[in-house]
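Chains, contacts and geometry: an overview
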Amino acid sequence: MNINPSASLRINPFESAMEQLAKAAKFFSKKESTLLLTLLSQPQRILNVTIPVKMDDGSLKIFQGYRVQFNNARGPYKGGIRYHPQVSLDEVKALSFWMTVKCAVADLPLGGGKSGIIVDPKSLSAGELERLSRGYVRAIADNIGPDKDVPAPDVNTNGMIMGWMLDEFMKVQRSKDNKLRATFTGKLLKDGGSEGREEATGLGGLYVLQAILKHLKLTGNLTAAVQGFGNVGYNVTKFLIDAGMKVVAVSDSKGGIYVPEGINPELTLECKKKHGPPAGGLAGCYCSGSVCDLKKGKTITNAELLELPVDILVPSALENVLTGQNARKIKAKVILEMANGPTAPEADTILYKRGIPVIPDVLSNSGGVSVSCFEWEQNLKGQHWTKDVVNRKLKTKMEKEATNVWLASKKYKTDLRTAAFYLALTRILSAMK
Ligand code: GLU
């Protein structure tokens, strides 16, 4: 979701990530800070693969894919697989670094990794998508496994794709050992997935938000705007509404809708599906057919959504939507980052000065990888936990780490991102010693 192509293209996500690292490293002794900066300024391994795919018309197309294994000091590399036409190596490096930090913030026994394949998945048939997914797994199979590296879904991938990948991995390994199911998380239940994984990122985001709002003493009838209406955006919208908040605007890559009375996520999702690519997604949903719930609203652009006068702004799409150019125009009281890397460092500085707390991605969207970790654990132990058990464990973890981050931000008089990084770096450092 490129709301300001010229601004966001200029921002290199890996450089932003390294700026965030340097800012937090300042809170350590000279010796520790040098160690952290040396060890975390480059990934441990980059796999750069080409994937030949037989297209439906009989032609052969070569796709480019990456797996970046950033750091495994705390456990096997962990992180999702992204399918997007704008994937770049620097983006995947940044995302794998953020996974390293995220898993440490959530106190999981896992390191950080990430995959990206340069592809517009919406232009592929189901068969082509499956062949691409299986081909990618064959290319990286020697380097993944329950105690090596554990991939999962990310932007434009899902449980069905994880199922194809696991099946291909088992074929390559020539094994039927059920423990190997722990190689992938975010799977469908039938393939060994966990209860609650699909909605875990959204639900975790709600738990983190509620914990921080309590510390901020922000109560009342709160309103929110959610940018991005994929798995995470949809689920967080639903959970915010269930928790009594009013979501007045949502958007996808094509545009958004603003409904002051509050949107209905189910109708909106139904409409998005109907108007999905290539017709135009949410932008086509303004009072269409039976979805006249949206009659009371109007269409807005992504840029307008970000600047709405709401209490909580929830960027849930891609990187760098909050930049030096729009940070002064943000009217929200709190920002809940559900996407990875939505706030550029320049925007962070401006928002901090303006007194607008940014609840950082490495904390607020860590519910997804936390339940991925529960799934990995269940597969390894041959167990299946109920949704109640999963959600209870998720709530306990999110509330605990949100409070740890809040307390560190008070103690060191710094923003929440730097506090979360501080917490993570302390944990990574002690694992490296
Ligand atoms: N892609 C998700 C993230 O960025 C989940 C990763 C996982 O479950 O491993 O956090």
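The structure contained in this document is the topic of the report that follows. Keep in mind that what you see is a predicted model, and the values were worked out from it rather than measured. (Residues numbered from 1 in each chain as written. Predicted model: local features only at pLDDT ≥ 70, side-chain atom pairs only at ≥ 80, totals over all residues. Heavy atoms only, no water.)

**Concerning the pattern of salt bridges**
What the rule picks out here adds up to 24 salt bridges. Between D167 and R134 there is a salt bridge, with its nearest N and O atoms 2.9 Å apart. Linking D167 in helix α6 (residues 159-173) with R134 in helix α5 (residues 126-140), this pair joins segments that are 33 residues apart in sequence. A relative accessible area of 33% means that D167 is categorised as partly exposed. A salt bridge links E168 to R138; the shortest N-O distance between them is 2.9 Å. One end of the pair, E168, is in helix α6; the other, R138, is in helix α5, and 30 residues separate them in sequence. Given a relative accessible area of 48%, R138 falls into the partly exposed group. The network of salt bridges with shared partners includes E130, R134, R138, D167, E168 and K171. (Salt bridge = Lys/Arg side-chain N within 4 Å of Asp/Glu carboxyl O. Helix = DSSP H or I, 4+ residues; strand = E, 2+ residues; numbered from the N terminus. Buried < 20%, exposed > 50% of the residue type's maximum accessible area, 1.4 Å probe, protein only.)

**Description of the sheet that holds strand β5 (residues 149-153)**
Read from one edge of the open sheet, five strands run β1-β2-β4-β3-β5, paired in mixed fashion. Each edge of the sheet is formed by a strand with only one pairing partner; in this case those strands are β1 (45-54) and β5. The mean inter-strand angle of the sheet, taken between neighbouring strand axes irrespective of direction, is 25 degrees. With four bridges joining them, strand β3 (residues 77-84) and strand β4 (residues 112-118) adopt parallel strand pairing. For R82, the partnering residue across the bridge sits in β4 and is G116. Across the sheet, α6 touches β3 and β5, and the angle it forms with β3 is around 115 degrees. (Pairing = 2+ DSSP bridges. Axes fitted to C-alpha atoms, helices over the stretch in contact; angles between N-to-C directions. Contact = heavy atoms within 4.5 Å.)

**Comments concerning the site of the ligand**
Neighbouring residues of the ligand: 13 residues in total, closest K78, K102, P153, D154 and S372. In this structure, K102 approaches the ligand through a side-chain N or O atom, which is 2.6 Å from an oxygen atom. Within the side chain of D154, a nitrogen or oxygen atom sits 2.8 Å from a nitrogen atom of the ligand. For the ligand, whose unbound accessible area comes to 290 Å², protein coverage reaches 94%. If you list the elements that add at least two residues to the shell around the ligand, you get β3, α4 (89-105), β5 and α13 (366-381). Considering each element in turn, the shell around the ligand owes the most residues, three residues, to β3. In the shell around the ligand, the residues fall into four nonpolar, four polar and five charged. (Near = heavy atom within 4 Å. Polar contact = N/O pair within 3.5 Å; in protein donor to acceptor, adjacent residues only side chain to side chain. Areas by Shrake-Rupley, 256 points an atom, 1.4 Å probe, with all protein chains shown as cover. Nonpolar A, V, L, I, M, F, W, Y, C, P; charged D, E, K, R; others polar.)

**Notes on the nonpolar core**
Among soluble globular proteins, nonpolar side chains are generally buried collectively. Grouped together as the largest cluster of nonpolar side chains are 68 residues, with contacts concentrated most on F97, L240, I312 and I359. When residues of this core are assigned to their parent elements, the largest contribution, ten residues, is made by helix α15 (residues 416-432). Of all hydrophobic cores here, the second largest spans 27 residues; its members include V49, M55, I117 and M162. (Core = buried A, V, L, I, M, F, W, Y, C linked by side-chain atoms within 4.5 Å.)

**Topic: the state of the cysteines**
In this structure the tally under the stated criterion is zero disulfides. Cysteine C103 is unpaired, with the sulfur of C373 as its nearest cysteine sulfur at 7.6 Å. Judged by relative accessible area, C103 falls into the buried class, the value being 0%. (Disulfide = S-S within 2.5 Å.)

**Remarks on the packing of aromatic side chains**
With the rule as written, the count across this model stands at ten aromatic pairs. On the numbers, 6.2 Å between centres and 75 degrees between planes, the contact of F169 with F184 is edge-to-face. In this pair, F169 is assigned in helix α6 and F184 in the loop between α6 and α7 (197-216), connecting sequence segments 15 residues apart. The exposure classification of F169 matches that of F184, with both residues buried. Each member of the aromatic cluster is reached from another via a ring pair, and the members are F14, F70, F97 and F421. The ring of F239 carries K238 above its face, with NZ or CZ at 5.3 Å from the centroid. A cation over an aromatic ring shows up here: K393 above the ring of W385, its NZ or CZ 4.6 Å from the ring centre. (Phe/Tyr/Trp six-rings, centres within 6.5 Å; stacked < 30°, edge-to-face > 60°. Lys NZ or Arg CZ within 6 Å of the ring centre and 35° of its normal.)

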